[in-house]
Amino acid sequence: MKKLLYHLIKVRDKIFIPFVLLYILIAALGIYIIEPKTFKTYITAIYWVLTTLATVGFGDYAPVTHAGKVYTIFLYITGIGLVSVLIGKVIDSIYLVDKMKVGGKMKYTGKNHIILIGWSAKSKLAIEEILKSDKKIEIVIIDDLEKAPLMEKRLYYLRGDATDEETLLNANLPKATGVIIFADQITQDNYATTDPVLVDGKTLLIATAITSIEKSLHKSIHVTAEVINQKHIRLFEHVNVDEFIPTQEMISHAAVRSLFSHGVTHMYSELMSIQYGEAMYEIPTRPEWKTYRDAFVDLLNKGATLVADRGDLHINQKLDSRIPEDAQLFVICDKETISLLQ
């Protein structure tokens, strides 16, 4: 009996809205037949039923016969309750959608978004940087928290295990612009001192899941991974990770250089963040640039400084070398200048 009652409730919820719509159409047909002179078109009858059930009753149409008035009383008794329940269900549905969104239970269906895996203070800073860098791009963050750690207009939260391909597909990985994998904060806090391999091990598992999806769908997705120990980078040679962030090495290097060159950390901050006047940007090559010198001089005259081709920072030592077809040039300039150059 309980199972039967449960199934009946489920069926009721599924057919309730179609039933209300059918009720409105049949009610409109009834008044249209009863008073054809008052309600000359079926659309007019539907309009009257809706205004009656919504209790607004503009008075522009009203039944004049006794049969029509009795029929109206019947609508009051049966229909207004239905509309009230319908409004309640709509409100419940909105609440449920918001609850699912906050709880990370909704699939992301957008595209050209950025996926951040792992919530921490670092990922929060990354979100702020992305939102400031691009006014349209959306972000999907994957973690296993009970509710969204941050509520922003262009931020979506998906709860799940990032090593599971289904979770990555729910974040619409195939249509993402790129992925950033942050080192798992819980593992880092609890196990990094006893077994540092565990932290980078989970990052490797996530990268493996992403690579599996890339191969199955023949897609190429830019992946940046945070690696706690630089020695572990070699473990990633069988997965498609485009760039690594060896956190400890970068922090140690910056700390040491700041002792010998005061203020160097400020320079790092300016290069890595757009909150300052200038930052580093990628610039497309142009046909008129045959050598690095051509690009360097042209960009300098426009307010930008050419500093690198991919990871090669020795541009100033080979200005007369030809720019390869696959060059990826980077410049330092302000936001106004880069908007003119791109």
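Above this text is the structure in question.
These remarks concern the structure in this document. As the structure is a prediction and not an experimental result, all values here were calculated from the model. Per chain, residues are indexed from 1 in the order of the written sequence. Where local features are concerned, this predicted model is filtered to residues with pLDDT of at least 70; where side-chain atom pairs are given and counted, the filter is 80 or more; whole-chain, interface and lining totals use all residues. Only hydrogens and water are set aside; all other atoms, that is, all heavy atoms of the structure, feed into the side-chain values.

**Some words on the pattern of salt bridges**
- Any Lys or Arg side-chain nitrogen found within 4 Å of a carboxyl oxygen on Asp or Glu counts as a salt bridge. Counting across every chain of the model gives six salt bridges.
- Ionic pairing is found between lysine 202 and aspartate 184, a salt bridge with its closest N-O pair at 3.3 Å. Of this pair, lysine 202 sits in helix H7 (residues 197-217) while aspartate 184 sits in the loop between strand E4 (178-181) and helix H6 (185-191), and the two are 18 residues apart along the sequence.
- The rule is simple: take the accessible area with a 1.4 Å probe, protein chains only, and divide by the maximum for that residue type; under 20% is buried, over 50% is exposed, in between is partly exposed. By relative accessible area, lysine 202 is classed as partly exposed at 31%.
- Residue aspartate 184 is classed as buried on the basis of its relative accessible area of 17%.
- Between aspartate 312 and lysine 318 there is a salt bridge, with the nearest N and O atoms lying 2.4 Å from each other.
- Looking at aspartate 312, the relative accessible area reads 21%, which means it is partly exposed. Under the DSSP-based scheme used, a helix requires at least four consecutive residues in state H or I and a strand at least two consecutive residues in state E, with every element numbered from the N terminus.

**Quick look at the nonpolar core**
- Only buried residues count toward a nonpolar core, which is a set of Ala, Val, Leu, Ile, Met, Phe, Trp, Tyr and Cys residues joined through side-chain atoms within 4.5 Å. Ranked by internal contacts, the top residues of the largest apolar core, which has 25 residues, are Ile115, Ile117, Val179, Ile181 and Ile210.
- Going through the elements one at a time, strand E1 (114-117), strand E2 (139-143), E4, H7 and strand E5 (222-227) are the ones with two or more residues in this core.
- Looking at this core, the element that brings in the most residues is H7, giving five residues.
- Not counting residues up to four positions away in its chain, the partners in contact with isoleucine 181 are Ile117, Thr203, Ile206, Ala207, Ile210, Val223, Thr224, Ala225 and Glu226.
- In terms of nonpolar packing, the next biggest core, distinct from the first, is built from 18 residues, Trp289, Tyr292, Leu299 and Leu319 among them. Contacts were defined at the residue level, with two residues in contact if any of their heavy atoms lie within 4.5 Å.

**Some remarks on the packing of aromatic side chains**
- Pairing of aromatic rings covers Phe, Tyr and Trp, the last through its six-membered ring, and needs centres within 6.5 Å; plane angles under 30 degrees mean stacked, over 60 mean edge-to-face, and all others mean tilted. Under the criterion given, the structure shown has seven aromatic pairs.
- On the numbers, 6.1 Å between centres and 80° between planes, the contact of tyrosine 47 with tyrosine 61 is edge-to-face. Of this pair, tyrosine 47 sits in helix H2 (residues 42-53) while tyrosine 61 sits in the loop between H2 and helix H3 (66-102), placing them 14 residues apart in sequence.
- Overall, tyrosine 47 belongs to the partly exposed group, its relative accessible area being 30%.
- Ring pairing ties together the aromatic residues Phe39, Tyr47, Trp48 and Tyr61, which thus form one cluster.

**A look at the side chain of threonine 337**
- Locating threonine 337 in the fold gives a position in helix H11 (residues 335-341).
- Pairing of N or O atoms within 3.5 Å defines a polar contact, subject to two protein rules: one partner must be a possible hydrogen donor and the other a possible acceptor, and residues neighboring in sequence count only if both atoms are side-chain atoms. Among the polar contacts listed, one links the side chain of threonine 337 to the side chain of aspartate 334, at a separation of 2.6 Å.
- Excluding residues that lie within four positions of it along the chain, threonine 337 makes contacts with Lys302, Gly303 and Ala304.

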